[in-house]
Amino acid sequence: MKFQGKTIIITGASGGIGLATAKKFASEGANIVLADINLEGLNKARDQLKETGSEKVWISRCDVSQEKEVESTITGAIDNFGRLDIVVNNAGLMIFKKIEEQTENDWYRVLSVDLLGAFFFTKYAFLRMSKGGSIINISSIHAIETTPMVACYAAAKAALLSLTRSASMEGKAKGIRVNAILPGAIDTPMLWDNPNVKAGIEKIDIDSVGKPGDIAGAISFLASDEAEFVQGAMLRVDGGRLSKL
Ligand code: NAP
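It should be emphasised that the depicted structure is a prediction, and the values quoted were computed from it without experimental measurement. (Residues numbered from 1 in each chain as written. Predicted model: local features only at pLDDT ≥ 70, side-chain atom pairs only at ≥ 80, totals over all residues. Heavy atoms only, no water.)

### As for helix α5 (residues 151–172)
Counted at 1.5 Å a residue, the expected span for α5 with its 22 residues is 32 Å, and the 32 Å between its end C-alpha atoms agrees. Within α5 the residues assigned to the buried category are C152, Y153, A154, A156, K157, L160, L161, L163, T164, A167, S168 and G171. Buried residues along α5 sit in contact with α4 (104–128), β5 (134–138), β6 (177–183) and β9 (234–237). (Helix = DSSP H or I, 4+ residues; strand = E, 2+ residues; numbered from the N terminus. Expected span 1.5 Å × (residues − 1). Buried < 20%, exposed > 50% of the residue type's maximum accessible area, 1.4 Å probe, protein only. Contact = heavy atoms within 4.5 Å.)

### Regarding the packing of aromatic side chains
On inspection of all chains with the given rule, the structure shows two aromatic pairs. Pairing F119 with F120 gives two aromatic rings, centres 5.3 Å apart and planes at 45 degrees, and the pair type is tilted. Residue class for F119 comes out partly exposed when judged on its relative accessible area of 35%. (Phe/Tyr/Trp six-rings, centres within 6.5 Å; stacked < 30°, edge-to-face > 60°.)

### Here's the deal with the side chain of S112
For S112, the location among the structural elements is in helix α4. What S112 contacts, discounting residues up to four positions off in sequence, is V64, S65 and G117.

### Describing the sheet that holds β5
In space, the seven strands of this open sheet follow the order β3-β2-β1-β4-β5-β6-β9, with parallel pairing throughout. Strands at the two margins of the open sheet, each flanked by one partner only, are β3 (57–61) and β9. Mean inter-strand twist for the sheet, computed between neighbouring axes without regard to direction, equals 20 degrees. Sheet analysis places strand β1 (residues 7–11) next to strand β2 (residues 31–36), joined by five bridges and oriented parallel. Among the inter-strand pairings, I8 is bridged to a residue of β2, identified as I32. Its contacts with the sheet put helix α2 (residues 39–51) on β2 and β3, and the angle it makes with β3 is roughly 175 degrees. (Pairing = 2+ DSSP bridges. Axes fitted to C-alpha atoms, helices over the stretch in contact; angles between N-to-C directions.)

Everything listed here is a matter of geometry and, on its own, says nothing about what the molecule does.
Next up, the structure:
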């Protein structure tokens, strides 16, 4: 049991990559904190984990863009389980509009969830996390190459890599490792509901579609002692999609 006795907070945990990550860490013995804005989804996610025999699960209804809610989630995790070891900043959203149609509010909305949420969790994890802790930011290959219509998402995911770089330097002095994963196309509703994918603007080669568990596996490696020398890494997990000409 690789994570026996350790406590992990996963944001955006009610489905997709977040729920797959929760299942993976629960199977490895971790205490699980599921954090999401969607309370109904959280309750269902907790029930699914309990069906697989995981009892050490606490849910926190948390809008990651609200600093006070993030602070309460970190405090609640420590109150429930006595310690905090791993944070996965996975909550994210996209909007699809041409730049000339985007509003100031669109940018604040996406940046506040996809970037500020990770900043808030990093801040309070730095204040409360145990030495030897690990923070993993879920960016995207859109941080490197992108499509039209998703400018605020691509900018937020690129800035999340920059936050990872800064936090990895400041975290090192505290014994906290900070790394990022750049998923490619992963088989979740977020991929198939994407209007760019539906319209063929973003072409998806079916051979390059991964499963949520593929990302959970990479998160598990980065959070583990095997990755103790991995600090500030930006790990592309995309089935080789970006390497193709
Ligand atoms: P997902 O199922 O939509 O996961 C995102 C989760 O974040 C949802 O549960 C969503 O809740 C939650 N969320 C949205 N706003 C929030 C907020 N303000 N506070 C807390 N939670 C919030 O999609 P996914 O595919 O698993 O994506 C997970 C992460 O991977 C995202 O950061 C995404 O950008 C990244 N990613 C995904 C892919 C892919 O192909 N799937 C590729 C690259 C990167 P609701 O249920 O209420 O929406």
